[in-house]
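# Fold and geometry: a report
The lines below spell out each chain.
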Amino acid sequence: MTELELRPLGKSKVQVTSLGLGTVPLSGFNADVSYDEFEATILAGYSSGIRYFDCAPMYGFGKSEHYLGHALRANKLRQNVVVSTKVGRILKPASRTKKLETVYGIDWIDPLPFLDSYDYTYDGVMRAFEDSQQRLGLDYIDILLVHDVGRAWHGDQSEFYWDQLRASGYKALDELRSSGAVSAIGLGVNETDSVVGVAREFQIDCSLIAGRYTLLNHAPLEAAFDELLKRNVSVIAGGIFNSGILATASAAPLPPMTMARSRPLLSRRSRPSRASALNIQ
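Here's what I pulled together on the structure shown here. All values derive from a computational prediction rather than experimental measurement. (Residues numbered from 1 in each chain as written. Predicted model: local features only at pLDDT ≥ 70, side-chain atom pairs only at ≥ 80, totals over all residues. Heavy atoms only, no water.)

## Here's the deal with the overall build of the protein chain
- When helices and strands are tallied, the protein chain shows nine helices and eleven strands.
- Burial status across the protein chain gives 51% buried among its 281 residues.
- Here the protein chain has roughly 13500 Å² of accessible surface; of this, 52% comes from carbon and sulfur atoms. (Helix = DSSP H or I, 4+ residues; strand = E, 2+ residues; numbered from the N terminus. Buried < 20%, exposed > 50% of the residue type's maximum accessible area, 1.4 Å probe, protein only. Areas by Shrake-Rupley, 256 points an atom, 1.4 Å probe, with all protein chains shown as cover.)

Here is the structure:
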């Protein structure tokens, strides 16, 4: 069994393996995935040394949490792994809920019969956390992340939801951390600006930033990550292949510079990578 390096998250006591496994593609994102396939993937990751698994209510509208929780319990892995999930969305019955129109709209394949609605208030964070506990079947959650708070996702409504978090949502996160119900708190977003903004106002431990710091894009290292480092906010890099040429080896036309930087990385695709969960300290 491979043993991966452990890295701490901020000032918390949580340590994650240098490679983590996210459950977005296992929850019906452009592909129908059965529970058996989901479980087999989790077990393959575990046997490869991965001890950090991420999920969210949004992924398959509850499916990722249901499936991950069951896989961990059925295989008696819970005490050996770190789990993160997210708040900011509450799932409601699809028959009585209007579908959200968002910049990053996803049509999940065979999701659970729910739809999501945004709520970053104190009550919304608490309800989302407790609902996630029920779906996961866990009495505590290691890392709790605020999902998609920022302009990249909400556009003109971003200030409205940011004000919810500022007015009361963060208080709920702090209470959950102080009580031991969660061990670390932070953001789960697709942008760096919102992480820096939140870190300037609140004490967070980490942030999972997807698709912004990748094997081909190191721009965040030039400014944003420096400030997060000074504030002791750890960064988990999600989607380091960014669903692009490194993930698919697509022959689609690309800028010459991108192709030049991609070639040496593509030549190593057969080698195991340890970079998809990076904790910047």
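Picking up after the structure, the text goes on.
## Comments concerning the packing of aromatic side chains
- All told, the structure shown has ten aromatic pairs when counted by the stated rule.
- When the centroid spacing of 4.2 Å and the interplanar angle of 10 degrees are considered together, the rings of Tyr170 and Phe202 count as stacked. On the criterion of sequence distance, the pair formed by Tyr170 in helix H5 (residues 158–179) and Phe202 in the loop between helix H6 (193–201) and strand E10 (206–210) is long-range, its members being 32 residues apart. The same class applies to Tyr170 as to Phe202, namely buried.
- If you follow Arg51 out to its NZ or CZ, it ends over the ring of Tyr46, 3.6 Å from the centre.
- In this structure, Arg78 packs its charged tip against the face of Tyr140, placed 4.3 Å from the ring centre. (Phe/Tyr/Trp six-rings, centres within 6.5 Å; stacked < 30°, edge-to-face > 60°. Lys NZ or Arg CZ within 6 Å of the ring centre and 35° of its normal.)

## Remarks on the nonpolar core
- Leu68 and Leu173 are the most contacted members of the largest nonpolar core, which has 65 residues in total.
- Ranked by the residues each element gives to this core, the list is headed by H5, at seven residues.
- Excluding residues that lie within four positions of it along the chain, Leu68 makes contacts with Phe38, Ile42, Phe53, Cys55, Val83 and Leu136.
- Val16, Tyr52, Ala184 and Cys206 belong to the second largest nonpolar core, which has eleven residues in total. (Core = buried A, V, L, I, M, F, W, Y, C linked by side-chain atoms within 4.5 Å. Contact = heavy atoms within 4.5 Å.)

## A few points about the sheet that holds strand E11 (residues 234–238)
- Across the sheet, seven strands lie side by side as E3-E4-E5-E8-E9-E10-E11; this open sheet has parallel pairing. Each end of this open sheet is capped by a strand with a single partner; those strands are strand E3 (21–22) and E11.
- Pairing of strand E4 (residues 52–54) with strand E5 (residues 82–87) involves three bridges; the strand directions are parallel. Looking at E5, one finds that Tyr52 is bridged to Val82.
- Of the strands in this sheet, E5, strand E8 (141–147) and strand E9 (182–189) touch helix H3 (residues 122–136), which is tilted by about 140 degrees from E5. (Pairing = 2+ DSSP bridges. Axes fitted to C-alpha atoms, helices over the stretch in contact; angles between N-to-C directions.)

## Thoughts on the packing of helix H2 (residues 63–74) against H3
- Interhelical geometry of H2 versus H3 gives an angle of 50 degrees and a closest axis separation of 7 Å. By the angle between their directions, the pair H2 and H3 is classed as oblique. Residues Glu65, His66, Leu68, Gly69 and Arg73 of H2 lie in contact with H3, whose contacting residues are Ser132, Arg135 and Leu136.
- For the contact of H2 with H3, the residue count by class is two nonpolar, three polar and three charged. (Parallel < 35°, antiparallel > 145°, perpendicular 65-115°, else oblique. Nonpolar A, V, L, I, M, F, W, Y, C, P; charged D, E, K, R; others polar.)

## Observations concerning the environment of Lys11
- Structurally, the position occupied by Lys11 is in the loop between strand E1 (6–8) and strand E2 (15–17).
- Accessibility expressed as a relative area gives 70% for Lys11, which makes it exposed.

## A short note on helix H1 (residues 35–47)
- Given a rise of 1.5 Å per residue, 13 residues ought to cover 18 Å, and the 18 Å separating the end C-alpha atoms of H1 matches this to within 8%.
- Of the positions making up H1, those classed as buried are Tyr35, Phe38, Glu39, Ile42, Gly45 and Tyr46. On an axial view of H1, the arc spanned by its buried residues comes to 125 degrees, and they lie on one face.
- At its buried positions, H1 is contacted by E3, E4 and H2.
- Trailing H1 by a residue or two, Gly49 shows a phi angle of about 105 degrees, which is positive. (Expected span 1.5 Å × (residues − 1). Arc of directions from axis to C-beta.)

## Focus on unusual backbone geometry
- Unusually for a residue other than glycine, Asp110 sits at a positive phi of about 50 degrees.
- By the element assignment, Asp110 lies in the loop between strand E6 (89–93) and strand E7 (114–118).

## Let's talk about the pairing of E5
- Within E5, six of the six residues are buried, which leaves it mostly tucked inside the rest of the structure.
- On E5, burial covers both faces: Val82, Ser84 and Lys86 on one face and Val83, Thr85 and Val87 on the other are all buried.
- Each parallel crossover has a hand, and for E4 linked through H2 to E5 it is right-handed.
- The sheet contact formed by E5 and E8 spans four bridges and is parallel. (Right-handed = clockwise from strand over helix to strand, strands pointing away.)

## What about the environment of Leu77?
- Topologically, Leu77 is positioned in the loop between H2 and E5.
- Between the C-alpha atoms of Leu77 and Tyr46, which are 31 residues apart in sequence, the distance is 8.9 Å.
- If near-sequence neighbours (up to four positions away) are discounted, Leu77 is found in contact with Leu43, Tyr46 and Leu72.

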